[in-house]
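Results of the structural survey
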Amino acid sequence: MYRIGEIKLKISEDKSVIPGRIKKKLGKSLAGARISEWKIVRESLDARKKDEIRWVYTVDFSLDKDVALNLPEAKETKYELPMSGSEKLSNRPVVCGFGPAGMFCALILAEAGYRPIVIERGKKAEERAKDVERFWETGVLNPESNVQFGEGGAGTFSDGKLTTGIKDPRISKVLTEFALHGADEDILYKQKPHIGTDVLRVVVAEIRKRIIELGGEVMFSTRLDEIEMGNGRVKGVHVTLGGARRKAYIPADIVVLAIGHSARDTFRMLYDSGIEMLKKPFSIGVRIEHPQRLIDIAQYGAPHEELGLPPAEYKLNCRVSDDRGVYTFCMCPGGEVIAASSQHGGLVTNGMSYRDRAGEFANSALLVDVRPTDFESDNPMAGIVFQEKYEKLAFENGGGRYKAPTAKTSDFYEGNEAGMSVINSLPEFAVSAIKEALPVLGRKLKGFDSPDAVMRAVEARSSSPVRITRNENYESVSVSGLYPAGEGAGYAGGIMSAAVDGIRIAEEIIKKYKV
């Protein structure tokens, strides 16, 4: 097959015209050959000129006879497991956490025959969803089953965005597995793929079933309490099991820490156990919400429904006078702002979209850089303390019922009662930075700084505040057999990069050990 790019279609044109466009672009070089087979490998939307919005495709195609074309050959990359190492494992690998990093680490280990044991403090996706809905309706929080903890990790209650800044061949493996287990196949070629929270809940459950089919085990409502170590290496894990709160011990030569960015009690346990950890930068801010129609008109020139286009997205950033970055993150077209708390007395916001992104409003995090020098101590746990401080303030300023402090941007600037509820939930440097950044971002996206835009505090979980130090083989520098993984360990920043990190760690385990 050949690969050709820059095949452009008007937004009113159907994909079925693509072969004709390829033929027109290649002209006489086809020498009478016909396109016998074709598939889209990349789709993007060029909306730089609002009166000439175009879909742009990269396409792989075959001809019905041999023709020498000045085009690259399409290369199919198939994921292959590495060769097993020589060291014998006495016990099954234990993977702590069933978010993207833990899930894909466990899947690869299961495919290689290592029969991993996964422990996840939260519940299965379907049970977890009921706990989350109950929390949103009643304000009764289950600290072990919520937006942060449970099958699929924090990403399960998000937009299910699959974009990433990393370049890694394992990305194809991740996307393929999502598609095989229930996601739409368009994620394999869209420039900005997303699954949607409703579909993602099904997909993660299907991947879990596949791991179990391959000999793995997934233990829900099972919290990691302690890692047993001796002679410089891991010996096993102590856990608490389910509603009965029974204690159990699982022997293990290998423990993968894919605990997510919100397992603060686990971070503290690891630190107290002597595992080397470092404080790291993260961000803090608000969720900002606009009518989706406003974003569409700013990006497309008209509402997306009128044009037959998906809801418009944006990604904005600037640098303010104290050299802090201010940026939007995890933008949710046609989505909603949700309460995402995991600790009693602490309020966190996040954004979520369903597959159809059919909501009336768009939202994103509006975040400000937080530097380790902003923390109140040099302790590696200082970033966690910083987060907890502002989450507690947001809880109190919202009335103590897990209702986010809410204000329009006009209130935020005026400092009236509504504005102060948001201002008092943020550090002073973040308030100043957002006030300075909003008009700058408004010049980049018309209407972004609208006086009626709604701000909700506080968003403080965009990334982990710690990094669990590991060596070039992905093992903890403190103890052999312990593999810090994914976003919580400080090595990823979203569903895709976390999943890829989990795969890398599985590969390292396979290359070193045999079963």
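Refer to the structure printed above.
1. A word on the packing of aromatic side chains
Summed over all chains, the structure comprises twelve aromatic pairs. Here the aromatic rings of Tyr2 and Phe61 are separated by 5.8 Å at their centres, their planes lie at 35°, and the arrangement is tilted. Here Tyr2, found in strand E1 (residues 2–10), pairs with Phe61, found in strand E3 (residues 54–63); they are 59 residues apart in sequence, far enough to count as distant. Taking relative accessible area as the criterion, Phe61 reaches 0% and is therefore assigned buried. The structure contains a cluster of three or more aromatic residues connected by ring pairs, namely Phe282, Phe375, Phe386 and Tyr390. Here the guanidinium or amino end of Arg324 rests over the ring plane of Phe429, the centre of that ring lying 3.7 Å away. Taking NZ or CZ as reference, Arg470 lies 3.7 Å from the ring centre of Tyr491, over its face.

2. Quick word on the state of the cysteines
Taken as a whole and assessed by the stated rule, the structure comprises zero disulfides. Unpaired in this structure, Cys318 has its nearest cysteine sulfur neighbour in Cys330, at a distance of 19 Å. Owing to a relative accessible area of 10%, Cys318 belongs among the buried residues under this scheme. Cys332 takes part in no disulfide bond, and the closest cysteine sulfur, belonging to Cys330, lies 4.4 Å away. Assessed through its relative accessible area of 0%, Cys332 is described here as buried.

3. Examining the pattern of salt bridges
Taken as a whole and assessed by the stated rule, the structure comprises 44 salt bridges. Close ionic contact of Lys190 with Glu43 constitutes a salt bridge, the shortest N to O distance being 2.7 Å. A residue pair is termed long-range when its members are at least 10 positions apart, and Lys190 in the loop between helix H4 (170–180) and helix H5 (197–213) and Glu43 in strand E2 (residues 35–46) qualify at 147 residues. Residue class for Glu43 comes out buried when judged on its relative accessible area of 4%. Close ionic contact of Arg456 with Glu289 constitutes a salt bridge, the shortest N to O distance being 3.0 Å. Remark: Glu289 occurs in strand E13 (residues 282–291) and Arg456 occurs in strand E19 (residues 454–459); sequence separation between them is 167 residues. Here the salt bridges share partners, and the residues they tie into one network are Arg121, Glu144, Arg223, Asp225, Lys247 and Asp265.

4. Digging into H4
Counting buried residues along H4, eight of its eleven residues qualify, which places the element largely inside the surrounding structure. Buried residues along H4 sit in contact with helix H2 (100–111), H5 and helix H13 (495–512). Just downstream of H4, Gly182 is the residue with a positive phi angle, here 125°.

5. Regarding the side chain of Ser364
You can see Ser364 is positioned in strand E17 (residues 361–370). Setting aside anything within four residues of it in sequence, one finds Ser364 in contact with Val286, Arg287, Ile288, Tyr314, Thr328, Phe329, Cys330 and Met331.

6. Focus on the sheet that holds strand E6 (residues 117–119)
Strand order in the open sheet formed by five strands is E7-E6-E5-E11-E21, with parallel pairing between adjacent strands. What marks the edges here is a single partner per strand, and that holds for strand E7 (217–219) and strand E21 (482–484). Within this sheet the neighbouring strands show an average axis-to-axis angle of 20°, counted without direction. In this structure, strand E5 (residues 94–96) lies alongside strand E11 (residues 255–257), joined through three bridges in parallel fashion. Bridged to Cys96 within E11 is Leu257. Lying over the sheet, H2 contacts E5, E6 and E11, oriented at roughly 165° with respect to E5.

What counts and how
- Residues numbered from 1 in each chain as written.
- Predicted model: local features only at pLDDT ≥ 70, side-chain atom pairs only at ≥ 80, totals over all residues.
- Heavy atoms only, no water.
- Phe/Tyr/Trp six-rings, centres within 6.5 Å; stacked < 30°, edge-to-face > 60°.
- Helix = DSSP H or I, 4+ residues; strand = E, 2+ residues; numbered from the N terminus.
- Buried < 20%, exposed > 50% of the residue type's maximum accessible area, 1.4 Å probe, protein only.
- Lys NZ or Arg CZ within 6 Å of the ring centre and 35° of its normal.
- Disulfide = S-S within 2.5 Å.
- Salt bridge = Lys/Arg side-chain N within 4 Å of Asp/Glu carboxyl O.
- Contact = heavy atoms within 4.5 Å.
- Pairing = 2+ DSSP bridges.
- Axes fitted to C-alpha atoms, helices over the stretch in contact; angles between N-to-C directions.

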